[in-house]
Number of protein chains: 2
Amino acid sequence: MVFNEVLKNLKNYEAGKPIELVVREYGIKDVIKLASNENPFGTSPLVKNALKNASNKAHLYPDDSYFELKEALSAKFSVTPKNLIIGSGSDQIIEFIAHVVLNEKNAILTAGITFAMYEIYASHLGAKTIKTPSQTHDLNQMLEIYKQNKDKIAAIFLCLPNNPLGECLDVSDVYAFMREISPDTLIVIDGAYNDFAKFKDAKKAIDPSDLIKNFKNAIFLGTFSKSYGLGGMRVGYGIADEFIINELAKLRAPFNITTLSLKSAIVALGDDDFVKKTFENNFEQMGVYERFCDEIGVSFIPSFTNFITIKFANSTQICDKLLKQGVILRNLASYGLDAVRITIGTPEQNEIVLNKLREILK
Amino acid sequence: MVFNEVLKNLKNYEAGKPIELVVREYGIKDVIKLASNENPFGTSPLVKNALKNASNKAHLYPDDSYFELKEALSAKFSVTPKNLIIGSGSDQIIEFIAHVVLNEKNAILTAGITFAMYEIYASHLGAKTIKTPSQTHDLNQMLEIYKQNKDKIAAIFLCLPNNPLGECLDVSDVYAFMREISPDTLIVIDGAYNDFAKFKDAKKAIDPSDLIKNFKNAIFLGTFSKSYGLGGMRVGYGIADEFIINELAKLRAPFNITTLSLKSAIVALGDDDFVKKTFENNFEQMGVYERFCDEIGVSFIPSFTNFITIKFANSTQICDKLLKQGVILRNLASYGLDAVRITIGTPEQNEIVLNKLREILK
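What you see is a predicted model, and the numbers here were worked out from it, not measured in a lab. (Residues numbered from 1 in each chain as written. Chains lettered and ligands numbered in written order. Predicted model: local features only at pLDDT ≥ 70, side-chain atom pairs only at ≥ 80, totals over all residues. Heavy atoms only, no water.)

Focus on the packing of helix α4 (residues 89–101) of chain A against helix α5 (residues 116–124) of chain A
All names here are of chain A. Put simply, α4 and α5 touch, their axes get as near as 9 Å, and they point 35 degrees apart. Considering how the two elements wind past one another, α4 and α5 form a crossing that is right-handed. Contact residues: Asp 91, Ile 94, Glu 95 and Ala 98 in α4; Met 117, Tyr 118, Tyr 121 and Ala 122 in α5. Residues of the contact of α4 with α5, tallied by class, amount to 6 nonpolar, no polar and 2 charged. (Axes fitted to C-alpha atoms, helices over the stretch in contact; angles between N-to-C directions. Helix = DSSP H or I, 4+ residues; strand = E, 2+ residues; numbered from the N terminus. Left-handed = near helix turned anticlockwise from the far one by under 90°. Contact = heavy atoms within 4.5 Å. Nonpolar A, V, L, I, M, F, W, Y, C, P; charged D, E, K, R; others polar.)

Dropping the structure here:
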């Protein structure tokens, strides 16, 4: 069989270890997983109820127009349903973007360390990934590289705030940067964690409606996986000018999200209290981790997300030891970084994790 | 923005009309949908229970190794987990296949009328679709076309039984055909409805384990959407030799099915009674439709699936009239066929639909 050449050296994404694996391998029952930036409060009680009620609809394909969800998202973001595309997580929108603008002759531009899926999807098309020398987003470096490779760079990915590091650019700086970019270059604003950043600091808040009014070449990505607590349901969305959405929509297969995912996303959008509680706990508890770092003299990246990246010199050993004690954190060695990314948990979870860390670091 | 040339003339799949749309547009509450081959009994009571219990896991990403599901499928089909890939419906496996072997220079070979997604995914890669003059599967025609276009045809799709027509080839004929095909050509056996065919006639049953032992260039596709009643949960699988699975796996994004989908598929596999009841009702009620056709003098295609394709001369008018009465059937006009595909429903649903049809055809 002749497989397409371009796939030969493909890398796969290394997902956070699931609880099931730790249960299987170490026989531990009370596992704490703070590895995948899932919502520590689970999902909204309203959503849980809706899922229970929808359990007798599992045999029915979803309304593939996603009418109700698009109406709700349109209202929330002051855009029209025609500015929206729904994906199986915002990941899938990244995949559509790659297929629409990338090929073996062009490239994407990203920060030095950022969400791994940009490069992975680019590689599916044989496109190169050009990264800044800076690990975090550095717009001056980006602009310089862009000017030198203007003909080659088809898309720029800005992760605001940045996963897995946690830093976030100011919107005013992002807009100033974007004005320097050709309207022929697609600019992807990955806002998976932007609502966390917005809660902490209004200067970081991307308004998708304003964004796409000002920049016809921009697309905003959002997700239900983080603040809305629906990581397991795989629902994300893209917001952009209609001419971009129409092109992406050509690649969307029918029924790309499940009937229960659709229902849960619609209901989740209506539970503001749950999301607010999530933000409040997140940044209160972030402080607990920051004080811990100061206390033990280890540096961290000030974070605008629901995780904190701590620069432990021996991240692999620390993660391995904790794993055997039933605590799953995210070792960033696969990103070429001696650091551990910890999802901010509930107060109870964080206390257990920090006590175990203190024990290990003694 | 420069979009990839190959996407310019892409077609989109026309999904069956959802119940929600009929409710919205016609204000009808008691809608009967026999348009998308969903299980009329819903899903197994065991699955419903499992979904309710899993509603508090919606925030957690699934175990991306799909360990438990692969173990269960391996046991069922006497293959190893390495022979398996899980997709968001078997659709997604077709998508992976397209990306792995197709490009602008090659083509796929299919029956004249068959599942529309083969051609749609092929078109995403710029590959051509060569169809037999015969609407149903005709292996002699296929072989002739294959021999004339051997260098061009990278994959052959056999839909067994065939959606949306319902006919099914005998396994012995399929194997004889496959022996004539170069080992460099991928042969896709889409078995989405094969368990229905197997129940009706053992000669139609594809044994995936036997298939992949005999043909290293074959892949079997199965789904949880039909007999298992999980259309809305989007779970399908591919079974093939490891070297094919490894290549497809490069394209599988992490978490391509939801946490609740994973759980429901695992539980569904354990409820044989539900599936048996589904098959029994299906073919008993199929008889009711066949007798109706004989009674009114309209021809149908003898079906090995959970639907029956009836050759009404005025299919569009019939479907439109029924739609306004709250009955959704699948008009095959988009397939270039004056015919209506009706999913076999419960006895109660079928009675209502047939009475309405009698009324309309008077």
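Things to note about the environment of Ala 253 of chain B
With respect to the helices and strands, Ala 253 of chain B occurs in the loop between α10 (242–249) and α11 (259–268). Sequence separation between Ala 253 of chain B and Gly 87 of chain B is 166 residues, and the spatial gap between their C-alpha atoms is 9.7 Å. Those residues in contact with Ala 253 of chain B that sit more than four places away from it in its chain are Met 117 and Tyr 121 of chain A.

Examining the interface of chain B and chain A
With 70 residues of chain B at the contact, the number on the chain A side is 71 residues. Of the roughly 6,100 Å² buried at the junction of chain B and chain A (both faces included), carbon and sulfur atoms supply 61%. Between Asp 63 of chain B and Arg 24 of chain A there is a salt bridge whose closest N-O contact spans 3.2 Å. Applying the counting rule to chain B against chain A returns 30 residue pairs in polar contact (both at pLDDT 80 or more). Elements that contribute at least two residues to the side of chain B that touches chain A include exactly α1 (19–26), α2 (45–54), α4 (90–101), α5 (116–124), α10 and α11 of chain B. (Buried area = accessible area lost by both parts, 1.4 Å probe. Salt bridge = Lys/Arg side-chain N within 4 Å of Asp/Glu carboxyl O. Polar contact = N/O pair within 3.5 Å; in protein donor to acceptor, adjacent residues only side chain to side chain.)

Quick word on the sheet that holds strand β3 (residues 107–110) of chain A
Residues and elements named next belong to chain A. The strand order β2-β8-β7-β6-β5-β3-β4 describes an open sheet built from 7 strands, whose pairing is mixed. Of all strands in the sheet, those with a lone pairing partner are β2 (84–87) and β4 (128–131), marking the two edges. Across this sheet, the average inter-strand angle for adjacent strands is 25 degrees, counted without regard to direction. Bridging between strand β7 (residues 218–223) and strand β8 (residues 236–240) involves 5 bridges; their strand directions are antiparallel. Opposite Ile 219, over in β8, you have Ala 240 as the bridge partner. Here α5 sits on the sheet in contact with β3, β4, β5 (153–159) and β6 (186–190), set at roughly 175 degrees to β3. (Pairing = 2+ DSSP bridges.)

What about the layout of surface pockets?
Considered as a void within the structure, the largest pocket measures approximately 810 Å³ in volume. If you go around the largest pocket, you meet 25 residues; those closest to its centre are Glu 104 and Leu 125 of chain A together with Asn 103, Glu 104 and Leu 125 of chain B. Its residues assigned to classes, the lining of the largest pocket comprises 10 nonpolar, 9 polar and 6 charged. (1 Å grid on protein atoms, 1.4 Å probe; cavity = no way out; pocket = protein on both sides within 12 Å on 5 of 7 lines; lining within 4 Å. Points joined across faces, edges and corners; volume = space filled by probe spheres on them.)

Some remarks on the UniProt feature "domain: Aminotransferase class I/classII large" (unreviewed entry) in chain A
When the UniProt feature table is mapped onto this chain numbering, "domain: Aminotransferase class I/classII large" (unreviewed entry) sits at residues 29–357 of chain A. The span residues 29–357 of chain A is 43% helical and 16% strand by assignment, and the distance between its end C-alpha atoms comes to 19 Å. (UniProt positions renumbered as here; feature names shortened; annotations may be inferred.)

Considering the UniProt feature "modified residue: N6-(pyridoxal phosphate)lysine" (unreviewed entry) in chain A
Taking the numbering used here, the UniProt-annotated feature "modified residue: N6-(pyridoxal phosphate)lysine" (unreviewed entry) corresponds to Lys 226 of chain A. With respect to the helices, strands and loops of the structure, Lys 226 of chain A is situated in the loop between β7 and β8.

Remarks on the domain arrangement of chain A
Residues and elements named next belong to chain A. Considered domain by domain, chain A is made up of domain 1 (5–43 + 272–361) and domain 2 (45–268). Distance from the C-alpha centre of domain 1 to the C-alpha centre of domain 2: 23 Å. Across the contact, 30 residues belong to domain 1 and 38 residues belong to domain 2. Summed over both partners, the interface of domain 1 with domain 2 buries about 2,900 Å², with 67% contributed by carbon and sulfur atoms. (Domains from an automatic or database assignment.)

What about the pattern of salt bridges?
Two side chains that carry opposite charge are able to pair once their charged atoms sit near each other. Residues and elements named next belong to chain A. Here the structure, examined in full by the defined rule, presents 24 salt bridges over all chains. We note a salt bridge from Glu 119 to Lys 131, for which the minimum N-O separation is 2.9 Å. Separated by 12 residues along the polypeptide, Glu 119 in helix α5 and Lys 131 in strand β4 bring together distant segments of the chain. Between Asp 241 and Lys 216 there is a salt bridge, with the nearest N and O atoms lying 3.2 Å from each other.

A short note on the packing of aromatic side chains
Per the counting criterion, the structure on display carries 24 aromatic pairs over all chains. Residues Phe 3 of chain A and Phe 243 of chain B carry aromatic rings whose centres are separated by 5.9 Å and whose planes lie at 55 degrees to one another, so their mutual orientation is tilted. Residue Phe 3 of chain A is located in the segment before α1 (19–26), and its partner Phe 243 of chain B is located in helix α10; the two belong to separate chains. Ring geometry for Phe 224 of chain B against Tyr 237 of chain B: centres 5.8 Å apart, planes inclined by 70 degrees, an arrangement best described as edge-to-face. Linking Phe 224 of chain B in the loop between β7 (218–223) and β8 (236–240) with Tyr 237 of chain B in strand β8, this pair joins segments that are 13 residues apart in sequence. (Phe/Tyr/Trp six-rings, centres within 6.5 Å; stacked < 30°, edge-to-face > 60°.)

Structural notes on helix α14 (residues 347–361) of chain A
All names here are of chain A. For α14, with 15 residues, the first-to-last C-alpha span of 21 Å sits near the 21 Å given by 1.5 Å per residue. Within α14, burial applies to Asn 350, Val 353, Leu 354, Leu 357 and Ile 360. On an axial view of α14, the arc spanned by its buried residues comes to 120 degrees, and they lie on one face. Projecting away from the buried face of α14 at angles above 90 degrees are the exposed residues Glu 348, Glu 351 and Glu 359. (Expected span 1.5 Å × (residues − 1). Buried < 20%, exposed > 50% of the residue type's maximum accessible area, 1.4 Å probe, protein only. Arc of directions from axis to C-beta.)

Notes on unusual backbone geometry
In this structure, Pro 164 of chain A follows Asn 163 of chain A across a cis peptide bond, with omega equal to 15 degrees. Within the element layout of this structure, Pro 164 of chain A appears in the loop between β5 and α7 (171–178). Not every positive phi belongs to a glycine, and Tyr 66 of chain B is a case in point at roughly 50 degrees. On the accessibility criterion, Tyr 66 of chain B (1% relative accessible area) is buried. One non-glycine residue, Ser 78 of chain B, lies in positive phi territory at about 50 degrees. Among the secondary structure elements, Ser 78 of chain B is positioned in the loop between α3 (67–77) and β2 (84–87). The exposed category is assigned to Ser 78 of chain B, whose relative accessible area is 56%.

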